[in-house]
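Next come the chains, spelled out residue by residue.
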Amino acid sequence: MKLAIGSDHAGFELKEYLKQILLSKGYDLTDVGTYDKSSVDYPDFGFKVAHLVSSKLADKGILVCGTGIGMSVVANKVKSVRAALAFDIYTAIQSRKHLDANILVLGGRVTGQGLAEEIVNAWLNTPFESGRHEKRIEKIAQFETEYLK
Ligand code: RB5
């Protein structure tokens with residue numbers, strides 16, 4: 001599976017932590033930055049990961065900022081992205097089962113490393129349930145086709 005990961009300065013430490021784990025598990029991982037703790041703007045990195053996922057150059061993405069809110073807003077602006085901000089394992093799993101979420105967003109100032117690792121593992125290993133959820137996602141795609149360029 002091809003993964004893209006990105007963060008701002010507030011998510012940098014958690015991004016680095018998750019990156020090492022994902023690499024050790026053999027994921028094909030693209031890190032779009034940021035690459036240190038200097039202050040940066042989360043949209044610059046959120047859009048990079050979202051575009052990689054939207055263009056199918058990555059299968060899934062992971063984004064981290066301080067709260068996760070900024071990255072969620074950014075990623076969900078991009079066509080065909082369904083970004084889920086998760087602070088717990090249940091939400092992460094549901095975002096895969098029911099929404100086929102293709103980007104997971106975490107708050108580096110909210111969620112500790114151990115929990116974040118478990119959230120990521122659960123999210124990456126949960127398939128989409130399809131069925132009745134398919135037509136709901138289709139409605140989102142329909143809106144994108146009709147109203148977004
Ligand atoms: C950066 O200070 C912070 O505003 C950002 O990481 C994020 O939390 C925004 O949602």
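Predicted, not measured: the structure shown is a model, and the values here were computed from it.

Enquirer: I would appreciate a short explanation of the layout of surface pockets in the present structure.
Expert: Unfilled space is identified by rolling a water-sized probe across the atoms. Taken as a whole, the largest pocket spans an internal volume of roughly 210 Å³. Its residues placed into classes, the lining of the largest pocket shows 3 nonpolar, 3 polar and 6 charged.

Enquirer: What is the right way to read the site of the ligand from this model?
Expert: Looking at the ligand, the residues that line it are Asp8, His9, Ala10, Tyr42, Cys65, Gly66, Thr67, Ile69, Gly70 and Arg109. Within the side chain of Asp8, a nitrogen or oxygen atom sits 2.5 Å from an oxygen atom of the ligand. Within the backbone of Gly70, one N or O atom sits 2.8 Å away from an oxygen atom of the ligand. For the ligand, whose accessible area on its own is 300 Å², the fraction buried by protein is 73%. Partitioning the shell around the ligand into residue classes produces 4 nonpolar, 4 polar and 2 charged.

Enquirer: Help me understand helix H2 (residues 42-54) in this model?
Expert: Between its terminal C-alpha atoms H2 stretches 18 Å, which fits the 18 Å expected from 13 residues at 1.5 Å a residue. One or two positions beyond H2, positive phi appears at Lys56, with a value near 65°.

Enquirer: Explain the pattern of salt bridges here, please?
Expert: Between side chains of opposite charge, a pair can form when the charged atoms approach closely. Summed over the entire model, instances satisfying the criterion amount to 7 salt bridges. Glu13 serves as the salt-bridge partner of Lys37, at 2.4 Å between the closest nitrogen and oxygen. Linking Lys37 in the loop between strand S2 (28-31) and H2 with Glu13 in helix H1 (residues 12-24), this pair joins segments that are 24 residues apart in sequence. Since its relative accessible area comes to 51%, Lys37 is described here as exposed. For Arg82, the salt bridge goes to Asp100, with nearest N and O atoms at 3.5 Å. Taken together, the residues span a long stretch of sequence, with Arg82 in the loop between helix H3 (69-75) and strand S4 (83-85) and Asp100 in the loop between helix H4 (89-97) and strand S5 (103-107) at a distance of 18 residues.

Enquirer: What is the right way to look at unusual backbone geometry in this model?
Expert: Leaving glycine aside, a negative phi is the common case for residues, and trans is the common case for peptide bonds. The residue after Gly33, namely Thr34, is reached through a cis peptide bond having omega 5°. For Thr34, the position within the fold is in the loop between S2 and H2. Phi angles above zero are rare outside glycine, and Lys56 is one such case at about 65°. Positioned with a positive phi, Asp100 is a non-glycine residue whose angle comes to about 50°.

Enquirer: Quick question: what am I supposed to make of the sheet that holds S4 here?
Expert: What links the strands of a sheet is backbone hydrogen bonding, and the strands pair in either a parallel or an antiparallel sense. Spatially, 5 strands are ordered S2-S1-S3-S5-S4 in an open sheet, and the strand pairing comes out parallel. One side of each edge strand has no neighbouring strand; the edge strands of this open sheet are S2 and S4. For this sheet, the mean inter-axis angle between neighbouring strands, taken without regard to orientation, is 20°. Bridge analysis of S4 against S5 gives 3 bridges, and the strand direction is parallel. Looking at S5, one finds that Leu85 is bridged to Val105.

Enquirer: Quick question: what am I supposed to make of the packing of aromatic side chains here?
Expert: When we look at a pair of aromatic rings, we describe it by the centre distance and by the angle of the planes. Tallied over the entire structure, the rule returns 1 aromatic pair. Note that Lys60 overlies the ring of Trp123, its terminal NZ or CZ placed 5.9 Å from the centroid.

Enquirer: Whenever I open this one, the side chain of Ser7 confuses me. Can you help?
Expert: Mapped onto the elements, Ser7 comes out in strand S1 (residues 2-7). For Ser7, a relative accessible area of 0% gives the class buried. In this structure Ser7 touches Phe12, Lys15, Gly33, Thr34, Phe45, Val64 and Met71, once residues within four positions along its chain are discounted.

Cut-off values and rules
- Residues numbered from 1 in each chain as written.
- Predicted model: local features only at pLDDT ≥ 70, side-chain atom pairs only at ≥ 80, totals over all residues.
- Heavy atoms only, no water.
- 1 Å grid on protein atoms, 1.4 Å probe; cavity = no way out; pocket = protein on both sides within 12 Å on 5 of 7 lines; lining within 4 Å.
- Points joined across faces, edges and corners; volume = space filled by probe spheres on them.
- Nonpolar A, V, L, I, M, F, W, Y, C, P; charged D, E, K, R; others polar.
- Near = heavy atom within 4 Å.
- Polar contact = N/O pair within 3.5 Å; in protein donor to acceptor, adjacent residues only side chain to side chain.
- Areas by Shrake-Rupley, 256 points an atom, 1.4 Å probe, with all protein chains shown as cover.
- Helix = DSSP H or I, 4+ residues; strand = E, 2+ residues; numbered from the N terminus.
- Expected span 1.5 Å × (residues − 1).
- Salt bridge = Lys/Arg side-chain N within 4 Å of Asp/Glu carboxyl O.
- Buried < 20%, exposed > 50% of the residue type's maximum accessible area, 1.4 Å probe, protein only.
- Pairing = 2+ DSSP bridges.
- Axes fitted to C-alpha atoms, helices over the stretch in contact; angles between N-to-C directions.
- Phe/Tyr/Trp six-rings, centres within 6.5 Å; stacked < 30°, edge-to-face > 60°.
- Lys NZ or Arg CZ within 6 Å of the ring centre and 35° of its normal.
- Contact = heavy atoms within 4.5 Å.

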